[in-house]
Amino acid sequence: MFREEVYAIVKRIPRGKVATYGQIAALTGDRLRARAVGNTLHRNTEQFAVPCYRVVNARGELSAAYGFGGREEQALLLRLDGIEVENGAVDLERYGWNPNECE
DNA sequence: TAGATGACTCACA
DNA sequence: ATGTGAGCCATCT
């Protein structure tokens, strides 16, 4: 299922980096699925096993309706990963995950 | 089965 | 720089 693919990709995100919905959507096949990716993660059933906190929008901003404790918790987790979160957003130029590098 | 929703993205005013 | 509109897709009710 599409959801599982999204989960797998999110799980592949290395610690210390973040990915955008569009990026994940592109990895699943089409970048136009960005919306579906977000929705899928929102309805995700494996949030406990999927680091969805490493997933942000195209601007690097955290999700406003994070299904956990809100962007605060998400920001905290990102900081634990070594990512600097400023005003609920990260620098994709620095922490943006490059799936081609496959760490 | 069909309709509505959403953690998206891009473009234009 | 912010606000609104349109396009796309998967999941939910």
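Source: prediction; values computed, not measured.

> Looking at this structure, how should I read the packing of helix α1 (residues 2–12) against helix α2 (residues 21–28)?
Two quantities define a packed helix pair, namely the angle between the axes and the distance from one axis to the other. Direction vectors running N to C along α1 and α2 enclose 120°, while the axes themselves pass 10 Å from each other. Considering only the axes of α1 and α2, their crossing is right-handed. Across the interface between the two elements, Phe2, Glu5, Val6, Ile9 and Val10 from α1 touch Ile24, Leu27 and Thr28 from α2. For the contact of α1 with α2, the residue count by class is six nonpolar, one polar and one charged.

> Explain the protein's contact with DNA strand C to me, please; I cannot follow it from the model alone.
Inspection of the region around DNA strand C gives Met1, Phe2, Arg3, Leu32, Arg33, Arg35, Ala36, Asn39, Thr40 and Arg43 as its neighbouring residues. Within 4 Å of the protein, the contacting atoms of DNA strand C are drawn from sugar and phosphate to the extent of 60%. Between DNA strand C and Arg35, the relevant distance is 2.7 Å, taken from a base oxygen to a side-chain nitrogen or oxygen of the residue. Of all the secondary structure elements, the ones that give two or more residues to the surface near DNA strand C are α1 and α3 (34–42). Counting residues per element, the surface near DNA strand C draws most heavily on α3, at four residues. Within the surface near DNA strand C, the residues separate by chemical class into four nonpolar, two polar and four charged.

> Is there a simple way to explain the protein's contact with DNA strand B in this structure?
The full set close to DNA strand B counts 17 residues, and Tyr21, Arg35, His42, Asn57 and Ala58 are the nearest of them. Here a base nitrogen of DNA strand B sits 3.0 Å away from a polar atom, N or O, in the side chain of His42. The contact in question runs from a base nitrogen of DNA strand B to an N or O atom on the side chain of Ser63, over 3.0 Å. At the level of elements, α2 and α3 are the ones that each hand at least two residues to the surface near DNA strand B.

> Whenever I open this one, α3 confuses me. Can you help?
Those residues of α3 that fall on the buried side of the exposure criterion are Val37, Thr40 and Leu41. End-on view of α3: buried residues confined to an arc of 95°, all on one side of the axis.

> What should I look at first to understand the nonpolar core in this one?
The tendency in soluble globular proteins is for nonpolar side chains to be buried as a group. With 27 residues, the main nonpolar core has Val10, Val18, Ile24, Leu41, Leu78 and Val90 as its most contacted residues. Listing elements by their share of this core, those giving two or more residues are α1, α2, α3, β2 (55–56), α4 (71–80) and α5 (92–95). The greatest single-element share of this core, amounting to four residues, is contributed by α1. If near-sequence neighbours (up to four positions away) are discounted, Leu78 is found in contact with Val18, Tyr53, Arg54, Leu62, Ile83, Val85 and Val90.

What counts, and at which threshold
Residues numbered from 1 in each chain as written. Chains lettered and ligands numbered in written order. Predicted model: local features only at pLDDT ≥ 70, side-chain atom pairs only at ≥ 80, totals over all residues. Heavy atoms only, no water. Axes fitted to C-alpha atoms, helices over the stretch in contact; angles between N-to-C directions. Helix = DSSP H or I, 4+ residues; strand = E, 2+ residues; numbered from the N terminus. Left-handed = near helix turned anticlockwise from the far one by under 90°. Contact = heavy atoms within 4.5 Å. Nonpolar A, V, L, I, M, F, W, Y, C, P; charged D, E, K, R; others polar. Near = heavy atom within 4 Å. Polar contact = N/O pair within 3.5 Å; in protein donor to acceptor, adjacent residues only side chain to side chain. Buried < 20%, exposed > 50% of the residue type's maximum accessible area, 1.4 Å probe, protein only. Arc of directions from axis to C-beta. Core = buried A, V, L, I, M, F, W, Y, C linked by side-chain atoms within 4.5 Å.

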